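Residues per chain are reported as follows:
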Amino acid sequence: MSAAKRRQPKAMQCNDNVPKRPHLFGSSKSHPMLNNEPTCCEHSHTPIHSGPLFSSPTSSCPLLELLGISFGSYGFVCEINSTLVPANVLGTHVGHHHHKRRLSNRMTVYREGLVNHLLNSHRLTEATPCPSPTGDLSGPIPGLEPLWAALCPHPGCSSWSLMQTSRGSLKSQQKNSRIHVSSAHPEHAASYLADVFEARWIYRPFQKSLNSEDPLSWTVWPLAEWYIPPLAVEDIHRSCPLQTSSDLMPTIPLSPQYLINLRWPDFIASLGAQADSLRGLTKLRSKKEARSLMGVERQLELGLITVRKLFRSYLVDIQTYLSSKGDTQFRQAVTLHTKAHFRELSRASYYTYSRPLSRCICMLIRWTHAEHTGVLASFGTLHIRRSLAQEYAANMLYDYLIQTKTPRPAALLQLLHQLLVTLIKQKFTNLETMACPTDYALCIGSLAHNGGFLLAAATTKTCAVLQHNFYTVIIHSARLEDHGYQRFIPFNLDNFTRDPVPDAAEASQSMEESAAAPDEEKALMILRLCDTRKSRKSL
């Protein structure tokens, strides 16, 4: 065996005539696949790098395409994680599951040879750093997803904080920046917080490829002030013109592939609805906003705030129930044979974890109100598909909120649980774009303020939280069935009476019921009516 072959990893050695293993180098002719394993026989994909940025590739490497990586002016870009991968960590990054699973040969020696080929053919070494822009970027970097962030106004402070785009006002969207200002610059906080901060699109190019202890992982590359990413949805009817000031730039999606797969843009565009009206269906209104309304709408929105508060306690109650088991295997048993995780929640997490299903409940009740009042014009051709059980449960909760000026938590909890169960126990008769209420809530709740959609990461997080909510309802239902309860009985009443997750300046509402009040009698009658209707349907 020649000295050159002895220096190659064993997985790269091959007979001159019949290759025993897939090789990365060979004749000048490229064979993208050999023996069902990836190969590349080109020695160079880029010319020598001479400028401040890397030279553009003259040919594509089939190995890069297979791994989901591309090469550009700033180096290797992982298109799966939307991050730049420095040359010195390319070997480690390629070993991650989301790349390794794409290879049929997953042996370490093969990957080492693969990485050597990628570096050599793109004329890099492990010591070659990624280029950095000399100023603000004037255009996008292919493969990277920009982030909408606010800059700290303090001179000399280059801290950028992501905007919370799901919030209402611009100041509330800049909550992360305002927290930073209050903690890092308390002596100037009063003057800074009186105004809104500069907001721009930025890249954090190394955040997902490097350890957080590496200073390079905190690198920020701002885009020019005037830069606006392309809109994913342009046909939606807007109820107000889009403000183009850089300080008021809304968040819009940049990677529409997931939207194309879900067919959300086509669905929303086909409705001919006003964006504000759609977003209003799933909006979680504050008490201040609810009290600014008049008549039935005011009563309804205040009732929904109580429902949302009860749902947070509903989440707390199941976490208390699981903790009482004192067995870590119990949580694993709940998600057996699935890839799901039903993790324990901290006090601060209950707000985040209560929002997705609360949006769905608010949407159903508001839609029921719109149907009852006939105010449907602003929703275009929208019709929220529901099962009969979901429609009955939503109507029962709506009727009680409308007919009762001061809803009692105990009665509301019965109606809430019944509605939650119908959202989980549903037989799907079709796989259309919108097959159930949670589909509608997820789509409408993902609408950004300019009529586009939030980024894929936000929607993915919402889906994960919804899954956690579903398991909560399932466990509550199994607990009640195991004890033979005919109606909802909390595992620990203190979770509802002591307000474990209180709203600011909001008094707790007692769940104690020594005798049924008139309002509760009304709720129980409604529940019995609903049960009767469901029994008739089953017959």
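Here is a short report on the structure shown in this document. (Residues numbered from 1 in each chain as written. Predicted model: local features only at pLDDT ≥ 70, side-chain atom pairs only at ≥ 80, totals over all residues. Heavy atoms only, no water.)

### A closer look at the overall build of the protein chain
Part 1 of the argument: Each helix and strand in the protein chain was counted, giving 21 helices and 9 strands.
Part 2 of the argument: Per-residue burial for the protein chain yields a buried fraction of 47% across its 539 residues.
Part 3 of the argument: For the protein chain, restricting intrachain contacts to residue pairs at least 6 apart in sequence, the fraction spanning at least 24 positions comes to 65%.
Part 4 of the argument: For the protein chain, the computed accessible surface area is about 27,100 Å², with 53% contributed by carbon and sulfur atoms. (Helix = DSSP H or I, 4+ residues; strand = E, 2+ residues; numbered from the N terminus. Buried < 20%, exposed > 50% of the residue type's maximum accessible area, 1.4 Å probe, protein only. Contact = heavy atoms within 4.5 Å. Areas by Shrake-Rupley, 256 points an atom, 1.4 Å probe, with all protein chains shown as cover.)

### What to know about helix 10 (residues 264–271)
Part 1 of the argument: Along helix 10, the residues that are buried comprise Trp264, Pro265, Phe267, Ile268 and Leu271. Across the axial projection of helix 10, the buried residues extend over an arc of 165°, all falling on one side. Turned more than 90 degrees from where helix 10 packs its buried face, Asp266 and Ser270 sit exposed.
Part 2 of the argument: Once helix 10 finishes, Gly272 follows within two positions and takes phi at roughly 65°, a positive value. (Arc of directions from axis to C-beta.)

### A few points about the sheet that holds strand 5 (residues 83–85)
Part 1 of the argument: Pairing within the open sheet is antiparallel, and its 3 strands lie in the order 3-4-5. Single-partner strands in this sheet number two, and they are strand 3 (69–72) and strand 5. With strand direction ignored, the average angle separating the axes of adjacent strands in the sheet is 40°.
Part 2 of the argument: Pairing geometry for strand 3 and strand 4 (residues 75–78), over 4 bridges, is antiparallel. What sits directly across from Ser70, in strand 4, is Val77. (Pairing = 2+ DSSP bridges. Axes fitted to C-alpha atoms, helices over the stretch in contact; angles between N-to-C directions.)

### Re the state of the cysteines
Part 1 of the argument: Enumeration over the complete set of coordinates arrives at 0 disulfides.
Part 2 of the argument: With no disulfide of its own, Cys61 has Cys40 as its nearest cysteine by sulfur position, at a separation of 3.9 Å.
Part 3 of the argument: Summary of cysteine pairing: Cys157 is not part of a disulfide, and the nearest cysteine sulfur, belonging to Cys152, is at 3.6 Å.
Part 4 of the argument: Judged by relative accessible area, Cys157 falls into the buried class, the value being 18%. (Disulfide = S-S within 2.5 Å.)

### Here's the deal with unusual backbone geometry
Part 1 of the argument: In this structure, Ser82 is a non-glycine residue whose phi angle is positive, near 55°.
Part 2 of the argument: Locating Ser82 in the fold gives a position in the loop between strand 4 and strand 5.
Part 3 of the argument: Judged by its relative accessible area of 17%, Ser82 falls in the buried class.
Part 4 of the argument: Even without glycine at this site, Arg263 takes up a positive phi of about 65°.

### Thoughts on the packing of aromatic side chains
Part 1 of the argument: Inspection of the entire model under this criterion finds 11 aromatic pairs.
Part 2 of the argument: With 5.1 Å between their ring centres and 75° between their planes, Tyr321 and Phe491 make a pair best called edge-to-face. One end of the pair, Tyr321, is in helix 13 (residues 295–325); the other, Phe491, is in the loop between helix 19 (456–483) and helix 20 (494–497), and 170 residues separate them in sequence.
Part 3 of the argument: Judged by relative accessible area, Phe491 falls into the partly exposed class, the value being 35%.
Part 4 of the argument: A centroid spacing of 6.5 Å and a plane angle of 75° characterise the contact between Phe488 and Phe496, whose relative ring orientation is edge-to-face. You'll find Phe488 and Phe496 in the same group, each marked buried.
Part 5 of the argument: Feature note: the residues Phe311, Tyr314, Phe488 and Phe496 constitute an aromatic cluster, connected by ring pairs.
Part 6 of the argument: When the ring centre of Phe197 is taken as reference, the NZ or CZ atom of Arg178 above it lies at 5.3 Å.
Part 7 of the argument: Arg479 extends its terminal NZ or CZ atom over the ring of Phe488, reaching a point 5.7 Å from the ring centre. (Phe/Tyr/Trp six-rings, centres within 6.5 Å; stacked < 30°, edge-to-face > 60°. Lys NZ or Arg CZ within 6 Å of the ring centre and 35° of its normal.)

### Examining the pairing of strand 8 (residues 199–203)
Part 1 of the argument: The buried fraction of strand 8 is high, at 5 of 5 residues.
Part 2 of the argument: Direction of pairing for strand 6 (residues 147–151) relative to strand 8: antiparallel, over a ladder of 4 bridges. Within the sheet, the bridge partner assigned to Ala150 lies in strand 8 and is Ala199.
Part 3 of the argument: When strand 8 meets strand 9 (residues 221–222), the two strands line up antiparallel, connected through 2 bridges. Each residue of the ladder has a partner; that of Ile202, found in strand 9, is Pro222.

### What about the side chain of Ser121?
Part 1 of the argument: With respect to the secondary-structure elements, Ser121 resides in helix 5 (residues 108–121).
Part 2 of the argument: In this structure the side chain of Ser121 is engaged in a polar contact, spanning 3.4 Å, whose partner is the backbone oxygen of Leu118.
Part 3 of the argument: Sequence-distant contacts of Ser121, defined by excluding residues within four places in its chain, comprise Glu42, His43, Ser44, His45 and Thr46. (Polar contact = N/O pair within 3.5 Å; in protein donor to acceptor, adjacent residues only side chain to side chain.)

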